[in-house]
Amino acid sequence: MEKIYELAIVGAGPAGIATAVESYLQGVRDIVLLEKDTNHNSTIRKYYKENKRVDLEWKGQKVELNGRIHFIDGTKETTLDFFDEILKEHLVELQTEVEVQSIEKKEDYFEVHMAGRSIKAKNVVVTIGRMGKPNKPSYKIPPTIRKKINYTTDECSQGEKILVVGGGDSAVEYAVDLSEHNDVSICYRRESFRRANPTNQRNIADAIAQGDVRPILGININGLEDDKGRVKVLFSEREPETFDRVIYAIGGTTPSTFLASSGIEEKDGKPVHDEHYETNIKGLFVAGDITQESGGSIALGLNHGYDIARYIKGKSEI
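Conventions and cut-offs
Residues numbered from 1 in each chain as written. Predicted model: local features only at pLDDT ≥ 70, side-chain atom pairs only at ≥ 80, totals over all residues. Heavy atoms only, no water. Pairing = 2+ DSSP bridges. Helix = DSSP H or I, 4+ residues; strand = E, 2+ residues; numbered from the N terminus. Contact = heavy atoms within 4.5 Å. Axes fitted to C-alpha atoms, helices over the stretch in contact; angles between N-to-C directions. Expected span 1.5 Å × (residues − 1). Buried < 20%, exposed > 50% of the residue type's maximum accessible area, 1.4 Å probe, protein only. Phe/Tyr/Trp six-rings, centres within 6.5 Å; stacked < 30°, edge-to-face > 60°. Lys NZ or Arg CZ within 6 Å of the ring centre and 35° of its normal. Salt bridge = Lys/Arg side-chain N within 4 Å of Asp/Glu carboxyl O. Core = buried A, V, L, I, M, F, W, Y, C linked by side-chain atoms within 4.5 Å. Right-handed = clockwise from strand over helix to strand, strands pointing away. Parallel < 35°, antiparallel > 145°, perpendicular 65-115°, else oblique. Left-handed = near helix turned anticlockwise from the far one by under 90°.

What's the story with the sheet that holds strand β16 (residues 245–248) in this structure? I'm lost.
Paired through their backbone hydrogen bonds, the strands of a sheet run either parallel or antiparallel. Strand order in the open sheet formed by five strands is β9-β16-β10-β11-β12, and the pairing between neighbours is parallel. Of all the strands in the sheet, just β9 (149–150) and β12 (213–217) have a single pairing partner and so form its edges. Each of β10 (161–165), β11 (183–188), β12 and β16 is contacted by helix α4 (residues 169–178), which is oriented at about 165° to β10, the strand it contacts most.

Please explain helix α1 (residues 14–25) as it appears in this structure.
Here α1 spans 16 Å end to end across twelve residues, near enough to the 16 Å set by a 1.5 Å rise per residue. Among the twelve residues that make up α1, eleven are buried, leaving the element largely enclosed by the rest of the structure. For α1, the complete set of buried residues consists of P14, A15, G16, I17, A18, T19, A20, V21, E22, S23 and Y24. Elements that come into contact with the buried residues of α1 comprise β1 (4–10), β2 (31–35), α3 (76–89), β8 (117–126) and α7 (298–316).

How should the sheet that holds strand β14 (residues 230–235) be read in this particular structure?
Here three strands make up an open sheet; going across it, the order is β13-β14-β15 and the pairing antiparallel. At either end of the open sheet lies a strand with only one pairing partner, and these are β13 (221–227) and β15 (241–243). The sheet shows a mean angle of 30° between the axes of neighbouring strands, direction not considered. Across three bridges, the pairing between β14 and β15 is antiparallel. Its bridge partner lying in β15, V233 is registered against E241.

Could you clarify how one ought to interpret α4 in this entry?
Because an α-helix completes one turn every 3.6 residues, residues spaced three or four positions apart along the sequence face the same direction. Of all ten residues in α4, seven are buried; the element is thus mostly enclosed. Taken residue by residue, α4 has D169, A171, V172, E173, Y174, A175 and L178 as its buried positions. Residues of α4 that are buried sit in contact with α2 (42–47), β10, β11, α5 (198–209), β12 and β16.

Is there a simple way to explain the packing of aromatic side chains in this structure?
Geometrically, a pair of aromatic rings is defined through the distance of the ring centres and the angle of the planes. Scanning all chains against the criterion turns up seven aromatic pairs. Ring geometry for F71 against F83: centres 5.9 Å apart, planes inclined by 25°, an arrangement best described as stacked. Remark: F83 occurs in helix α3 and F71 occurs in the loop between β3 (53–54) and β4 (74–75); sequence separation between them is twelve residues. Under the relative-accessibility criterion, F71 is labelled buried at 4%. Linked through ring pairs, F71, F82 and F83 together constitute an aromatic cluster. Between R238 and the ring centre of F235, over which it is positioned, the NZ or CZ distance is 5.0 Å.

Mind showing me how you'd approach the side chain of T279 here?
Tracing the backbone shows T279 in the loop between β18 (270–271) and β19 (284–286). T279 gets classed as buried once you look at its relative accessible area, which sits at 5%. Beyond its immediate chain neighbours, meaning those up to four positions away, T279 contacts I264, V272, H273, L284, F285 and V286.

I keep staring at the pattern of salt bridges and nothing clicks. Help me out?
When charged atoms on two side chains of opposite charge get close, those side chains can pair. Counted according to the given criterion, the structure contains 17 salt bridges. Between R53 and D55 there is a salt bridge, and its shortest N-O distance comes to 2.6 Å. What makes D55 partly exposed here is its relative accessible area of 28%. Two residues, R53 and D73, come together in a salt bridge whose shortest N-O distance is 3.7 Å. Residue R53 is found in strand β3, and its partner D73 is found in the loop between β3 and β4; the two are separated by 20 residues along the sequence. Since its relative accessible area comes to 42%, D73 is described here as partly exposed. Several salt bridges share partner residues, and in doing so they unite K161, R214, R238 and E241 into one network.

What am I meant to see in the nonpolar core here?
Grouped burial of nonpolar side chains is what soluble globular proteins tend to show. Judged by nonpolar contacts, the single largest core of 31 residues is most densely connected at I31, L33 and L302. When residues of this core are traced back to their parent elements, those giving at least two are β1, α1, β2, α3 and α7. The residues contacting L302, other than those within four sequence positions of it, are P14, A18, L56, L65, I69, F71 and F83.

I tried to follow the pairing of β2 on my own but got confused; where do I start?
Each regular strand carries side chains that alternate between the two faces of the sheet. Among the five residues that make up β2, five are buried, leaving the element largely enclosed by the rest of the structure. Across four bridges, β1 lies against β2 in parallel orientation. Pairing of V10 across the sheet is with L34, part of β2. On the question of chirality, the crossover connecting β1 to the parallel β2 by way of α1 is right-handed.

Whenever I open this one, the packing of α1 against α3 confuses me. Can you help?
How two helices sit against one another is set out by the angle between their axes and by the gap between those axes. Closest axis-to-axis distance for the α1/α3 pair is 10 Å, and the angle between their directions is 25°. Here α3 runs roughly parallel to α1, going by the angle between their axes. The interaxial crossing formed by α1 with α3 has left-handed handedness. Note on element contacts: α3 touches α1 through F83, I86 and L87, opposite P14, I17 and V21.

Set out below in structure tokens:
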């Protein structure tokens, strides 16, 4: 007989790992974590610079931890080590490089469809984050300069003239970091970086004051053009300017297509769920950043995992 997992979790970030570990601690067994990347916490691995601070709380959110995972503030490296350890300590199966395409509700279980195969599970939790699908500009990017348009700093070298677009933590950190070896400007449609946390607000203010980063604030971008292999940026309120590279750090979006293919209802850009994070489909849950308008803290994801674990355990005892 084909195996039916008690719990399948789509996405191995903080919320996904918390759901798995807290469920195990509640006595749930046969748990599988499905991750499309090569390892857990791919967003932290890809979008966080080396030694970047990783805080329990996000933008000052005060969230008391409810479960048994005791996460503390640290760095990118200590955070990844922490999640490595708690996965090793509990019998949770982690399958990597598997991209879930849809989730199909059967009579008393779910069929989780992946490329070329599927698994069965009694309960499914979707914890895919928003940064897994970064926001892209609404205007078209000319094909000839696409390699000069990035969403992380991975492709950057030294001595480039770079425009960073965005006003949140990632944009500010990219601009400050890159300014050490490059000519960096930062463009944000608002007049201040109020979306960034206080530390990053201070860092960008210092970088601007010292002339390391040039601010282009209160300005929108209308489009891009190819200027002899470089990127000409067409601003709405100032003259065009040409850069070697443009990096967009303008957040991420809810993967609506995936949610719709699984029958999960959305409202105002977020999946609909009840107080237990259960969607309109019984036994199918959502947790973590995907439940928030613009991202959430690690603490929030850990608490979602704990709440879902308790609810699933309670259902199994009825």
